[in-house]
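Take a look at the letters that make up each chain.
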Amino acid sequence: MASADERNDEEGGIGHALWSNRNRILASTAALGFAAFAAGSLVPPVQQATVRLSAPPEVSAHWDDATLQRVISEAPRRPEPSRSTVLSAWLELLDQTEGGRAETGAERRPDGSVEVWARDREAEVARAHAEALAEQLIADLDPVVADVSTPAGEAAPPPETSQRNSAIEALDASIASARETLASAEDRQAALPPPRPSDQAKTSSRSSQDAANRNAPSLRRELEGLVRFARSLPSATPSDAPASLRESEEWRSWRNARVRRDTVATQITELSRTLLDGHPRMATLRLRLDDLNSELDEARDRLATAIQRRIGGLRRDLANTEQAIAQDAAASKADQQATAARAEVEAEVAAARQTLDALLSARAAAVAATSAAPTPEPVVPPVVNQPAVPQQKPAVSMDVTVRELRPNIWPIVAGSAAFGFIAASLLAIFASPRGVFAPAAFPQNAPARTRRGATASAGSAAIPHPQALGIDITPADELIAGILASEVSRVVIVPVAEDERPVAVEIVRRLSLRGSQAALLDLSERQLAARAMGVEDGSLGVSDMIAGEATFAEIARRDVPTQAEVFGRGQAVIGEAAFLAMERRNVLDFIERNFEVLLVVCGGVAPETVKSLLTPDAALVVTVDGEDEAIVTAGIRRLREAGLSDMILANGRQFAL
């Protein structure tokens, strides 16, 4: 099982790979999403033709769900249009996004009518298919005509009577629907909240709201004035205090103390023109001035406490006032909405009641007209063998409409974009080069070098092979490439032993030659790296800037060959107190913000100080140039015991030719 540090390193590498390739990932996602959108836009729309069939209730009752399903299943399927293989596969995929909808269908409506529809790429084909289904449903009514025909031996009712009966039935259905509409509107009216109290209560509420609106600006002005005076209290004069504060006892005490202190200070100024500082009178006045300064500080502290109490009270009053204003505004808005909803529901109730009264009046008139008409007597026709007369089909009205349907391409677009995002992310993770936080293997064919960088001889100690040390060492070129790829802004370099020829100089120069704004900060005791880049002995450095004896422009030096910036340690002596350590971090952060990469050389620096220089985004590089196994092992163990386990072992002597 991997350790916690290994898991954190792996997660950091994955996050770094994704962030470094964010532009490619976003471009792949957008490209695939746009391609899917463009391909879906090229798909032609679907035309849907709908036929609405209306017939008398005794006839349309025959069109039940079973009959509709039978007619639809027996109808011939429409021919498939000729299209290319790629377009056919794309259309089938879009049809799946629409839920696998059918090509034809039929359904009954609440008013007894039947709707038959058909879909096709061409409007005329869909219209012909839907009309054929409607004709099939009309033809299916032949058995029904014989059942509803007049029985033998009975006289058919006159046409006027049939029309009146049909009108009465239609009125009954309309009356039932109107009653339901009225009942629904009355239920909504009963569910509405009751109106608010009388006009007197509204007037009192409005007056309180107006008073709150007038009081809020004055409270805000007084609060802002107190806050400004509290910020400028150490240098303010009694006349600068707001008018509301001048009535307090604390302000009067502070004013009197200020007047007494200013009086003594004026006397000292006047006497200093004629008397020496050692004069007894001058000494007495200075002691008096010290007492008055202490008294003034105490009065100022009491005044500041009183101001803070007053500010807290004003903030509470202002918050309560603003809350009351907001509640009143919300209540007013709710009343307006409730009034509008109540008026709308009342209008619906009135309209529904008026419609119901009109329908009841029409039905009463129709019933009266039917009762006044004479009832014909049944006449039995003679039985004569006559040929059967075919029954006529009832009148069925058809209403044909055609509308355009477009497929929903957004699931395809979202899926394509998600596929592009996942594929680009996986490619960035598995195909990205090894970063600065992954240790690289030492090349097998690297020449052996001595501790001073010369070619190893028979009598000199050679650099041990990586397999002999049991560790992975990163060459300098890979370290520089990793720094540039990972966008690390601070690299802390710690030599495992004495670094006679600092490799940090080579690294910062190569970074500068590759176009990076790099700087080197040498905090080591011997200052070898700073001297190699042109910093003279006794020059001002970081410690002088921390002590306040130098500025940034005075301590910065420029490397002549590469124009890289270099900073020395400095001459001022600073301790390791918490305040000075904090100032050192602030100075390092300031220098780091001015460059893309800052290399901090810490040769001979205590591990605790090195640990304080590391930020969450910094990298710790340990150089093991020309050292034997014992020195490397001891140096790594010493750093790990100090809590510096996350490090990169680098060979600064191996550069690409």
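Residues numbered from 1 in each chain as written. Predicted model: local features only at pLDDT ≥ 70, side-chain atom pairs only at ≥ 80, totals over all residues. Heavy atoms only, no water.

(A) How the structure looks around the overall build of the chain. Helix and strand counts for the chain stand at 21 helices and twelve strands. When the 657 residues of the chain are sorted by exposure, 33% land in the buried category. Accessible surface for the chain amounts to roughly 39,000 Å². Of this, 54% is attributable to carbon and sulfur atoms. (Helix = DSSP H or I, 4+ residues; strand = E, 2+ residues; numbered from the N terminus. Buried < 20%, exposed > 50% of the residue type's maximum accessible area, 1.4 Å probe, protein only. Areas by Shrake-Rupley, 256 points an atom, 1.4 Å probe, with all protein chains shown as cover.)

(B) Examining the packing of aromatic side chains more closely. One pass over the structure, following the stated rule, counts five aromatic pairs. The interplanar angle of 90° and the centroid separation of 5.4 Å between the aromatic rings of F552 and F590 together place this pair among those described as edge-to-face. With F552 in helix 18 (residues 552-555) and F590 in helix 19 (residues 578-593), the pair connects residues that are 38 residues apart, well separated along the chain. Centroid distance F567 to F595: 6.2 Å. Interplanar angle 70°. Geometry classified as edge-to-face. Pair noted here: F567 is in strand 9 (residues 565-567) and F595 is in the loop between helix 19 and strand 10 (597-601), with a separation of 28 residues, a long-range link. Judged on exposure class, the residue F567 and its partner F595 are both buried. Among the aromatic residues, ring-to-ring pairing joins F552, F567, F590 and F595 into one connected group. (Phe/Tyr/Trp six-rings, centres within 6.5 Å; stacked < 30°, edge-to-face > 60°.)

(C) How the structure looks around the packing of helix 14 (residues 476-486) against helix 15 (residues 503-513). Across the interface, helix 14 lies against helix 15 with an axial gap of 10 Å and an inter-helix angle of 50°. By the angle class used here, helix 14 and helix 15 are oblique. Here the hand of the crossing between helix 14 and helix 15 comes out right-handed. For the pair helix 14 and helix 15, the contacting residues are D477, L479, I480, I483 and L484 in the first and I507, R510 and L511 in the second. For the contact of helix 14 with helix 15, the class distribution of residues is six nonpolar, no polar and two charged. (Axes fitted to C-alpha atoms, helices over the stretch in contact; angles between N-to-C directions. Parallel < 35°, antiparallel > 145°, perpendicular 65-115°, else oblique. Left-handed = near helix turned anticlockwise from the far one by under 90°. Contact = heavy atoms within 4.5 Å. Nonpolar A, V, L, I, M, F, W, Y, C, P; charged D, E, K, R; others polar.)

(D) Representation of the sheet that holds strand 7 (residues 518-522) in the model. One open sheet holds the eight strands; their spatial order is 5-12-11-6-10-7-9-8, and the pairing between them is mixed. Because the sheet does not close on itself, it has two edges, and the strands there are strand 5 (474-475) and strand 8 (556-558). As paired elements, strand 6 (residues 490-495) and strand 11 (residues 619-623) share five bridges and run parallel to each other. If you follow V492 over to strand 11, its bridge partner there is L620. Sheet strands touched by helix 15: strand 6, strand 7, strand 10 and strand 11. Its angle to strand 7, the strand with the most contacts, is close to 160°. (Pairing = 2+ DSSP bridges.)

(E) Structural context of the sheet that holds strand 4 (residues 397-405). Reading across from one edge, 2-3-1-4 is the order of the four strands in this open sheet, with antiparallel pairing throughout. The open sheet is flanked by strand 2 (104-108) and strand 4, the only strands paired with a single partner. Averaged over all pairs of adjacent strands, the angle between their axes in this sheet comes to 20°, without regard to strand direction. For strand 1 (residues 46-54) and strand 4, the ladder comprises nine bridges, and the chain directions are antiparallel. Residue pairing in the sheet places T50 in a bridge with T401 of strand 4.

(F) Geometry of unusual backbone geometry. Located in the positive-phi region is Q527, a residue other than glycine, with phi close to 60°. With respect to the element layout, Q527 can be found in the loop between strand 7 and helix 16 (528-532). In this structure, Q563 is a non-glycine residue whose phi angle is positive, near 65°.

(G) Broad picture of the pairing of strand 7. Of all five residues making up strand 7, five are buried, and the element is well covered by its neighbours. Residues A518, L520 and D522 point to one face of strand 7 and A519 and L521 to the other, with burial holding for every one of them. As defined by bridge partners, strand 7 adjoins strand 10 across five bridges and the pair is classed as parallel. By the bridge assignment, L520 is partnered in strand 10 with L599. As judged from the three bridges shared by strand 7 and strand 9, these two strands associate in the parallel manner. Within the sheet, the bridge partner assigned to L521 lies in strand 9 and is F567.

(H) Expanded view of the nonpolar core. Membership of the largest hydrophobic core comes to 32 residues, with the highest contact counts inside it found for L521, F567, V600, C602, V610 and L620. Counting only elements with at least two residues in this core, the list comes to strand 6, strand 7, helix 17 (542-546), helix 19, strand 10, helix 20 (607-613), strand 11 and helix 21 (629-641). Counting 26 residues, the second-largest nonpolar core is a separate cluster that includes V491, V505, A619 and V621. (Core = buried A, V, L, I, M, F, W, Y, C linked by side-chain atoms within 4.5 Å.)

(I) Structural view of the side chain of D522. Position of D522 relative to the elements: it lies in strand 7. Comment: no salt bridge for buried D522; closest opposite-charge side chain is R569, at 7.2 Å. Within the local environment of D522, its side chain forms a polar contact with the backbone nitrogen of A529, the two atoms lying 3.2 Å apart. With near-sequence residues (within four places) excluded, D522 lies in contact with Q527, L528, A529, A530, F567, G568, R569 and V601. (Lys, Arg positive; Asp, Glu negative; His and termini not counted. Salt bridge = Lys/Arg side-chain N within 4 Å of Asp/Glu carboxyl O. Polar contact = N/O pair within 3.5 Å; in protein donor to acceptor, adjacent residues only side chain to side chain.)

(J) Fine view of helix 15. Considered for burial, the residues of helix 15 that qualify are V503, A504, V505, I507, V508, L511 and S512. Tucked inside the fold, the buried residues of helix 15 contact helix 14, strand 6, strand 7, helix 16, strand 10 and strand 11. In the segment just after helix 15, G515 is the residue with positive phi, at about 95°.

(K) Focus on a nonpolar patch on the surface. A grouping of F421, I422, L426 and F430 is seen on the molecular surface, where their side chains present a nonpolar patch of about 460 Å² in accessible area. Topologically, I422 is positioned in helix 12 (residues 410-431). (Patch = residues over 30% accessible without salt bridge, like charges linked within 9 Å, V, L, I, M, F, W, Y side chains within 5 Å.)

(L) Geometry of the pattern of salt bridges. A complete count under the given rule lists 20 salt bridges for this structure. Between D297 and R300 there is a salt bridge whose closest N-O contact spans 2.8 Å. Highlighted residues: D297 and R300, both in helix 11 (residues 280-372), separated by three residues, approximately one helical turn. On the basis of relative accessibility, which here comes to 38%, the residue D297 falls in the partly exposed class. Salt-bridge contacts for D589 lead to R490; the nearest nitrogen and oxygen are separated by 2.9 Å. Separated by 99 residues along the polypeptide, D589 in helix 19 and R490 in strand 6 bring together distant segments of the chain. What emerges from the salt-bridge pattern is a single network uniting R258, R261 and D262.

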